[in-house]
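As a plain string of letters, each chain reads:
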Amino acid sequence: EARGYVDRDDAGDYSAGPTILRLAASLRGGTVLDRLATIAQPHLDALAEQTGESAYLAVSDGRTGTYIATAESRRAIRHVGWVGQDVTLDGSALGAALAEPGVTATRIGAVEADITAMSQALPANGKLGIAVSVVGPMHRFTDTQRAQHERDLDRTVRALTAELRTTGEDFTS
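Below you will find a few notes about this structure. (Residues numbered from 1 in each chain as written. Predicted model: local features only at pLDDT ≥ 70, side-chain atom pairs only at ≥ 80, totals over all residues. Heavy atoms only, no water.)

**What about the sheet that holds strand β5 (residues 86–88)?**
Here is the rule we go by: Note on pairing: two strands pair once DSSP finds at least 2 bridges between them. Where helices and strands are cited, they refer to DSSP runs of H or I of at least four residues and of E of at least two residues respectively, numbered from the N terminus. Every axis corresponds to a line fitted to the C-alpha atoms, with the helix fit spanning only the stretch in contact, and the corresponding angles, defined between N-to-C directions, vary from 0 to 180 degrees. We call two residues in contact whenever any of their non-hydrogen atoms come within 4.5 Å of each other.
Across the sheet, six strands lie side by side as β5-β4-β3-β8-β7-β6; this open sheet has antiparallel pairing. Both outer strands of the open sheet, β5 and β6 (105–108), are each paired with one neighbouring strand and no more. The average angle at which neighbouring strand axes cross in this sheet is 30°, direction not considered. Along the sheet face, helix α2 (residues 32–51) touches β3 (54–60), β4 (64–71) and β8 (129–137) and points at about 65° away from the line of β4. Packed on one face of the sheet, helix α4 (residues 143–167) meets β3, β6, β7 (115–121) and β8 and runs near 35° to β7.

**Observations regarding the packing of α2 against α4**
Rule in force here: Working definition: roughly parallel below 35 degrees, roughly antiparallel above 145 degrees, roughly perpendicular at 65 to 115 degrees, and oblique for all remaining angles. Two helices cross in a left-handed way if the nearer one is turned anticlockwise from the farther one by less than a right angle. They cross in a right-handed way if the turn is clockwise. The classification used treats Ala, Val, Leu, Ile, Met, Phe, Trp, Tyr, Cys and Pro as nonpolar, Asp, Glu, Lys and Arg as charged, and all other residues, Gly among them, as polar.
For the pair α2 and α4, interaxial distance at closest approach is 10 Å and the crossing angle is 160°. Here α2 lies roughly antiparallel to α4, going by the angle between them. You can see that α2 and α4 cross each other, and the crossing is right-handed. From α2, L36, I39, A40, H43, L47, Q50 and T51 reach across to α4, where they touch H149, D152, L153, R155, T156, A159, L160, E163, L164 and T167. Among the residues forming the contact of α2 with α4, the class breakdown is eight nonpolar, six polar and three charged.

**With respect to the side chain of E53**
What counts is decided by this rule: Each residue's exposure class comes from its accessible area (1.4 Å probe, protein chains only) as a fraction of the maximum for that residue type: buried when under 20%, exposed when over 50%, partly exposed otherwise. Under the rule applied, a polar contact is a pair of N or O atoms within 3.5 Å (in protein, one hydrogen donor and one hydrogen acceptor; residues adjacent in sequence only if both atoms are side-chain atoms).
Its location among the elements puts E53 in the loop between α2 and β3. For E53, a relative accessible area of 1% corresponds to the buried category. One polar contact links E53 to R140, side chain to side chain, over a distance of 2.8 Å. Setting aside residues no more than four positions away along its own chain, E53 makes contact with A48, A71, S73, R75, V134, V135, G136, P137, R140, F141 and H149.

**Comments concerning the environment of V157**
Mapped onto the secondary structure, V157 falls in helix α4. For V157 and A96, which are 61 residues apart along the polypeptide, the C-alpha to C-alpha distance reads 16 Å. Leave out the neighbours within four places in its chain, and V157 touches Q120, A121, L122 and V132.

**Re α4**
Using the following cut-off: One fewer than the residue count of a helix, multiplied by 1.5 Å, yields its expected span.
An ideal rise of 1.5 Å per residue puts 36 Å on 25 residues; α4 measures up with 36 Å between its terminal C-alpha atoms. Three or more residues of α4 are buried, namely H149, D152, L153, T156, V157, L160, T161 and L164. Where α4 is buried, its residues meet α2, β3, β7 and β8. Where α4 terminates, the next one or two residues include G168, which has phi positive at roughly 75°.

Laid out in structure tokens, this is it:
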């Protein structure tokens, strides 16, 4: 329970905790997080097209983030390979975004040298945090590009949040 593998409700009954849910996200076998990734994919595809950079969807149990979906940039030099990867929240754009949903967090070189990440979390209301990120080589993230990416990221998060609300499914518990 202390590590987040199980949760106990007021009646003393146990259920899967946020750590189990985050780990299950990397298994990809018909879970609620598979459905989340499927719903998010067109939004990630559009974001990658708009920004020219790779876009990611991550979930977090409050301790670690796990990337569960991506749309890779079409550029020859791009960021790839984070699906299934765990990222520490401390000091990362993902962690900062999850700490303040709705606000875009930007970090340069925090997780990987020469890489810029911009993340924004969806409104939080359950065990798991959900965030969308744009990641790429830092030399392409000028002040002007970061401002445009922030607008694109904000639009994407708002659209994804609205779509998730229409499904009626709880993707965070």
